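Chain by chain, the residues run as shown.
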Number of protein chains: 2
Amino acid sequence: MAEDSGVLPPKENFSEWYNDILWRAEIMDVRYPVKGVYVWYPHGFSLRRSTYSILRELLDRDHEETLFPLLIPENEFMKEAEHIKGFEEEVYWVTHGGTSELDVKLALRPTSETAIYPMYSLWVRSHADLPIKYYQIVNTFRYETKHTRPLIRLREITSFKEAHTVHATWEDAENQVEDAIALYREFYDRLCIPVIISKRPDWDKFPGADYTIATDAIMPDGKTLQVGTVHHLGDHFSKTFEMTFEDENGEQKYAFQTCYGISERCIAALISVHGDDKGLVLPPEVSPVQIVIVPIIIKKRAEEVIEAAQQLEKELKDAGYRVKTDSRDLRPGAKYYHWEMRGVPLRIEIGPRDIDNGVVMSVNRYGEKATIERDNIISGIESRLEDFRDSMTERALSHAKEQIKFASNLEEAKEAVKSGVAIIQWCGSEDCADEIEKKLDVSVLGNEVRLDFIDNKEGVCPICGKPAKPAIVARTY
Amino acid sequence: MAEDSGVLPPKENFSEWYNDILWRAEIMDVRYPVKGVYVWYPHGFSLRRSTYSILRELLDRDHEETLFPLLIPENEFMKEAEHIKGFEEEVYWVTHGGTSELDVKLALRPTSETAIYPMYSLWVRSHADLPIKYYQIVNTFRYETKHTRPLIRLREITSFKEAHTVHATWEDAENQVEDAIALYREFYDRLCIPVIISKRPDWDKFPGADYTIATDAIMPDGKTLQVGTVHHLGDHFSKTFEMTFEDENGEQKYAFQTCYGISERCIAALISVHGDDKGLVLPPEVSPVQIVIVPIIIKKRAEEVIEAAQQLEKELKDAGYRVKTDSRDLRPGAKYYHWEMRGVPLRIEIGPRDIDNGVVMSVNRYGEKATIERDNIISGIESRLEDFRDSMTERALSHAKEQIKFASNLEEAKEAVKSGVAIIQWCGSEDCADEIEKKLDVSVLGNEVRLDFIDNKEGVCPICGKPAKPAIVARTY
C-alpha cells in the first residue's frame, strides 16, 4: 500500500519527519480530496483502537458510554450565547436535504454541549439521579481556516472522546474535575507520555466554563500540543438549558456540570514524543503488532526454521500477544527496517543456531539485544516488553525535563522557548500576559502548574514586579 | 432516568410495544429535537457495543478496520451517475463553514463508496495488493422523507458497518459475496435471530451493483426488516474511479469489487424478535447485564444475606460475567420487573434458606427456575446460560417457521402475508412481480431463497404460467 522506499527525514526536521512518518508507517493518508480531513490506514486505525481501548477502560470504571446525534438544530445551538461566540466562525452548516432547503439549519457538532444538555435537562429530576457521568467517542467538526495538519488541526476530528457530568453542587463538580485530571494523567502514563497540567488563563478557557485545566505534551520542536482539557462549567449551561433537580429538602436547584475531552491529538503526541529517525516507537500495550518474528533462513535448514517460527508464533498468540511472522522473500535487513518504521516493540530472530542452542534472539525497538531461553519464552518476552515500556517512560520523561527550563527573567525565557518550554513567574494579569506573549512570541499556557519536579513557589512578575507564581509559556500548536 | 412506572403494551400490538420498550428498557430516547435522529441511553449503547464486538470479531479474522471521512465533495459524489440516482433525494449537503459559503458543497456520506474508492484507486497498483478487505463502523446520513422510526428508518444511522473489498477477478468478488453471506449468517446465529437470505430483484439492487443478496429478519407483525445486504459491484465503480492494477502478465486491468453492510437495524431485530410482554429478552453474549443477583432479605439475617450476595457477585465478576447486585430498598417483585424489562438472561435469588442449604435459586428470563449448588456455581451458571441461549434460538426459529408459509396460489399468499411471509413461485419478470405486488400489497423481496427448510424446486408463476422458482413476498419495513 504505502511503499517502503526512501528514508525518513531526521527527526530534528520535525515538521517534515511528521508528515513523512504518517504515510511511511501507514498511519494516515493525506490525499483525500477535502482540506483538513484524512484517511486512517488499517495500521493507524489499529493503533487508534488500542489507544482508545485504554481510554474506555479507564472511563468505564465509573462512567457509562452513550451516543448523541451529530446534527444540532440552529435554535438549540444558538441558545448558549457565550458558547457560540467561541464557535460561530468554525461551524459547518447543513442547509439542504436532497434538493430541498431545510426549515431549520443543522450544525455539525463542534462539541456536544448543545446536543447533550437539552436531553440531560429531561433526565435530571432529583438529587437521586446525580451524579450523571456519561461519555461518547464521536466525530466532531471545525471549519478551520488556519493551516490544517493530520491528527493535530482537523476539520473532521474523527475520535473525540467527550465526557459530560452533572452534579448537585459546585464542589462535587470541582471534585470531578480533579478525578478527570487524574484519569487523564493515568491515560498518558499508559502511553508513556509526560504531560504538563496547568490552569488556562481566564481569557483562554472553554467558552461557557468557570475554569479550564489543560493537559499539554511537549513536541520534539519544543512547541506544546494541548492533548486534553477539563472544564468546570459551573451552573452556566444548566441555567441556559433549565437543568434543575429537586434536592433533599424538596427545593428546585440548578445542577453543576463538568466536561472533558481528548481527541486523536493523543495519537499525534504518541507518534511525536516517542518516534525516532527509524520510525515509530510504540508502547507494547498499544502497538498493532507487539512482536515480529523474523526467521533467519539458511538454505539447508529452511523448513525447520520456518516451522520453529510458526510454532513460536502460535505459542505467543495463545499467550495473548499480537504477533506476526515475516516470511517474505526479503533480506532480514529490509524486514527489520519495515517493522522498525511501524514501531514494533520487540523483534524475535530465530535461525538454525538458535534452534540448536535452545534460544531465540530478541531485539527491542531501541536496538537492545538479549537472548531468551526457548523454554521460558513467555516470561522472557513479558519481562523484555515490561523493561522496554519502562525505558520508553524514562527516555520520554528525561527528554521532557530537558525541554522545560526555569527562567528567572525574560531573556532566559526567550532563550528557553527556542527549543522548549519556559517556566516563568507571572502575576496573573492579562496585561502582563500580553506583554510576555508579545516579547517572547509565545502563549502563556497557564499557571497552577502541576509537574512533579517543580513547586509553585512565589516570585515576582518580570513585567509589573508584583507577586507572581510560576506559569508555563511556550510556542503552541 | 427513564421511569419504571406503567406497563408495556402487549407485544401483539407491535408498533406500540416497540415504541414503548425503547424507553422503558432504556435503549433510546426519542425526544431529541431533530426528526429521525435519536439518543442512545447507556443501557442501549452497551447492548450496541457488545453486538458490534461480535461483528468486529468476525470481520477481524480476515478484514482490517479503517476510517474514511464523513464529508464527500460534490464532484466526487457526482462521478457515479447510476449510484447518485439512488441517493440524490436523500443526501444532506453542507454548504457553509462559519458564515462563509463553501466553494464545493460537501455531502454527508449516505454510504461511503464515493469517499473510499478514490483512495482505493491510489492504493491498488498491482495484483500483489489484492485482495483488499477493509471495513469501517461509522455514522451515515439519509434525508428520509418517509415516516422515521428509531433503529429502523433513521436520518442519522449511527452504527453503519460497511465493508469494501477489491479483487482481481469477477469470480474472486463472487466468492467474497459468499464469504460475506456466511459471515452475516454467523453474526445472526450469535444473536439467535433466524434470517432469510435471498437475491434481490434487479430493479431493487444497490445502485451500481451487478447483484445484491439480502438478509431479512421477520418482525413480530410479519413484516420483514432488511438487516444486511451484500453487493457484487462488478467493475462498475472501478471504471468510474480508474481503479486498475497490473496483473501477472504486466497488463493493466480494472479491479472487481464488493461491499456489504449492516446497520443498527440488527439491534431493532434483536429487540423485536426476542422481546415479550415483560420486556427485552437478550442473548447472554450481548446483554449489558448477564446476571442480576437479588438478595432476599429477612430482617434477622439481612447482613448475612447481603454479604453472601456480594461474595457471589465477586466470584462471578472474576469469572468474567457482567453481573449486578440489586440491593435497592424495593420489593423483590419490583426488582424482577426492572431487570426483566432490561432483558437480563439470568436472575439469582439468594436468601437465608438458600445459604443454609448451600444453594442459590436461578431463574432465567423465560421464568424457568432451577437451584444451583453453591459449590459448583460457575459451571452451574455457565450451563444455565448456554441452555437459555439454545432455547432462545429454538423459540425464534420455530416462530419464524410459523411466520413463513408456502403458498401455491395468490389466494393462499394473500392470507399468508397478513401475519407473515409467503413463499410463492415467480418467473423472475418485472411485470409479474408488479402484478404480485399490486394484488397482495407486498414487495417481492427476492428469489434464490436460502432457507434450510425449503428447497428451490421449480413451479409455475401464478401470473404468467411460465416456469418459476420460489420467491419471498412480504410486507416490509
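Quick note: structure is the one above.
The sections below set out a description of the structure shown in this document. Keep in mind the model is a prediction, meaning the values are calculated, not measured. (Residues numbered from 1 in each chain as written. Chains lettered and ligands numbered in written order. Predicted model: local features only at pLDDT ≥ 70, side-chain atom pairs only at ≥ 80, totals over all residues. Heavy atoms only, no water.)

This paragraph deals with the interface of chain B and chain A. Many authors give the size of an interface as the accessible area that is lost as the parts come together. On the side of chain A, 57 residues touch chain B, which itself brings 57 residues to the contact. At the boundary of chain B with chain A, total buried surface from both sides reaches about 4800 Å², with 63% on carbon and sulfur atoms. Taken together, the connections running from chain B to chain A amount to 4 salt bridges. With its nearest N and O atoms 2.5 Å apart, the salt bridge here joins A:Arg49 to B:Asp60. If you look at where chain B meets chain A, you find 22 residue pairs in polar contact (both at pLDDT 80 or more). (Contact = heavy atoms within 4.5 Å. Buried area = accessible area lost by both parts, 1.4 Å probe. Salt bridge = Lys/Arg side-chain N within 4 Å of Asp/Glu carboxyl O. Polar contact = N/O pair within 3.5 Å; in protein donor to acceptor, adjacent residues only side chain to side chain.)

Residue and element names in this part refer to chain A. Together, Glu382, Glu386, Asp387, Asp390 and Glu394 give the surface a local cluster of negative charge. Take aspartate 390: it is sitting in helix α12 (residues 377-403). Look at aspartate 390 and you get partly exposed, because its relative accessible area is 40%. (Patch = residues over 30% accessible without salt bridge, like charges linked within 9 Å, V, L, I, M, F, W, Y side chains within 5 Å. Areas by Shrake-Rupley, 256 points an atom, 1.4 Å probe, with all protein chains shown as cover. Lys, Arg positive; Asp, Glu negative; His and termini not counted. Charge placed at Lys NZ, Arg CZ, Asp CG, Glu CD. Helix = DSSP H or I, 4+ residues; strand = E, 2+ residues; numbered from the N terminus. Buried < 20%, exposed > 50% of the residue type's maximum accessible area, 1.4 Å probe, protein only.)

Counting residues in each nonpolar core, the largest one holds 84 residues, and the members touching the most others are A:Leu108, A:Tyr120, B:Leu108 and B:Tyr120. Excluding residues within four positions of it along the chain, A:Tyr120 makes contact with A:Phe68, A:Ile132, A:Tyr134, A:His164, A:Val166, A:Met243 and A:Gln257. (Core = buried A, V, L, I, M, F, W, Y, C linked by side-chain atoms within 4.5 Å.)

Next up on the list: the relation of the copies chain B and chain A. Superposing chain B onto chain A takes a rotation of 180 degrees plus a shift of 0.0 Å along the axis, which leaves an RMSD of 0.0 Å. A rotation of that kind, with that shift, is consistent with a two-fold axis. Taking C-alpha positions as reference, the residue of chain B nearest the rotation axis is B:Val94, located at 2.1 Å. When the interface residues of chain B are mapped onto chain A, 100% of them again fall at the interface, so both copies present the same face. (Least-squares fit on C-alpha atoms with pLDDT ≥ 70 in both.)

Moving on to the sheet that holds strand β4 (residues 71-73) of chain A. Two pairing modes exist for strands in a sheet, parallel and antiparallel, and in both the strands are linked by backbone hydrogen bonds. In spatial order, the strands read β4(A)-β6(A)-β5(A)-β5(B)-β6(B)-β4(B); together these 6 strands make up an open sheet with antiparallel pairing. The sheet is open, and its two borders are formed by β4 of chain A together with β4 (71-73) of chain B, each paired with just one other strand. Each strand axis lies, on average, 45 degrees off the axis of its neighbour in the sheet, ignoring direction. Relative to strand β6 (residues 100-108) of chain B, strand β5 (residues 92-97) of chain B runs antiparallel, the two sharing 4 bridges. (Pairing = 2+ DSSP bridges. Axes fitted to C-alpha atoms, helices over the stretch in contact; angles between N-to-C directions.)

What follows covers the pairing of strand β9 (residues 196-199) of chain A. Bridge count for β9(A) against strand β10 (residues 211-218) of chain A is 4 bridges, and the pairing is antiparallel. Within β10(A), the residue paired with A:Ile197 across the bridge is A:Thr215.

Our focus in this paragraph is the pattern of salt bridges. Summed over all chains, the structure comprises 62 salt bridges over all chains. Between A:Asp326 and A:Arg328 there is a salt bridge; the shortest N-O distance is 2.9 Å. Since its relative accessible area comes to 37%, A:Arg328 is described here as partly exposed. Notably, a salt bridge pairs A:Glu415 with A:Lys418, separated by 3.1 Å at the nearest N-O pair. Taken together, the positions of A:Glu415 and A:Lys418, both in helix α13 (residues 410-419) and 3 residues apart, correspond to about one turn of that helix. Each of A:Arg49, B:Arg56, B:Asp60 and B:Glu65 takes part in one network of salt bridges that share partners.

So, about the sheet that holds strand β19 (residues 369-373) of chain A. Residues and elements named next belong to chain A. Here we have 5 strands laid out as an open sheet, ordered β16-β15-β17-β18-β19, and mixed in their pairing. If you trace the sheet from one side to the other, it starts and ends with β16 (323-325) and β19, each paired once. On average, each strand axis in the sheet is inclined to that of its neighbour by 25 degrees, with strand direction left out of account. Pairing geometry for strand β15 (residues 291-295) and strand β17 (residues 346-350), over 5 bridges, is parallel. Note on β17: the bridge partner recorded for proline 295 is isoleucine 350.

This part covers helix α10 (residues 332-341) of chain A. Residue and element names in this part refer to chain A. Among all positions of α10, only Lys335, Tyr336, His338, Trp339, Glu340 and Met341 are buried. Against the buried residues of α10 lie α1 (14-24), β15, β16 and β17. Positive phi shows up at glycine 343, right after α10, with a value of about 80 degrees.

Residue and element names in this part refer to chain A. Counting buried residues along β15, 5 of its 5 residues qualify, which places the element largely inside the surrounding structure. Judged by which residues are buried, β15 turns out to be covered on both faces: Ile291, Ile293 and Pro295 on one side and Val292 and Val294 on the other are all buried. Taken together, the 3 bridges between β15 and β16 define a ladder with parallel strand orientation. Within β16, the position partnered with valine 292 by the bridge is lysine 324. On the question of chirality, the crossover connecting β15 to the parallel β16 by way of helix α9 (residues 302-318) is right-handed. (Right-handed = clockwise from strand over helix to strand, strands pointing away.)

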